[in-house]
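Chain by chain, the residues:
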Amino acid sequence: VPVDGSHWLSMKEVLDVLGQKGHEVVVVAPEVTLHIKPSKNFVMKRHSAPYTQEEMDKNFKAFLHTSFEEGSSLERFLKVYEGMKKLGNMSAACCQQLLQNKELIRYLEESKF
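Residues numbered from 1 in each chain as written. Predicted model: local features only at pLDDT ≥ 70, side-chain atom pairs only at ≥ 80, totals over all residues. Heavy atoms only, no water.

K.L.:
Would you mind going over the side chain of Asn59 with me for this structure?
P.N.:
Here Asn59 is to be found in helix α2 (residues 53-67). Apart from residues lying up to four places away in sequence, Asn59 is in contact with Lys86, Leu87 and Met90. (Helix = DSSP H or I, 4+ residues; strand = E, 2+ residues; numbered from the N terminus. Contact = heavy atoms within 4.5 Å.)

What follows is the structure, encoded as structure tokens:
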């Protein structure tokens, strides 16, 4: 169950190598992501997200923009903190959505994920 963004970019390389070496790799990810895409080297299991791709892109771009705005260190820190909080809340809501997906949870249990 990867975290999107830079965490995924690092993890994907490892998963690709594991898949190439014959390991069965299953990635559980929301339907709405920044970078997590299917690969021939692993099985992708998707679950719904409580937000749209447009909402995610908008919030992420706003967070990046805020990171490079001018202003005092305190002002920038507070804006970055608010952006991180918003993205964190989206991630937590997505996790809740995953845990409510009975079909996917059943698949994971049966496959000893």
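K.L.:
Can you help me understand the nonpolar core in this one?
P.N.:
Soluble globular proteins tend to pack their nonpolar side chains together in the buried interior. One finds Trp8, Leu15, Val25, Val27, Ala29, Ile36, Phe42 and Met44 forming the largest nonpolar core, which totals eight residues. Secondary structure elements with two or more residues in this core: α1 (6-20) and β1 (26-30). Not counting residues within four places of it along the chain, the set of residues in contact with Val25 comprises Leu15, Leu18, Gly19, Asn41, Phe42 and Val43. By size, the runner-up hydrophobic cluster in this structure holds six residues, among which are Val32, Tyr51, Met90 and Cys94. (Core = buried A, V, L, I, M, F, W, Y, C linked by side-chain atoms within 4.5 Å. Buried < 20%, exposed > 50% of the residue type's maximum accessible area, 1.4 Å probe, protein only.)

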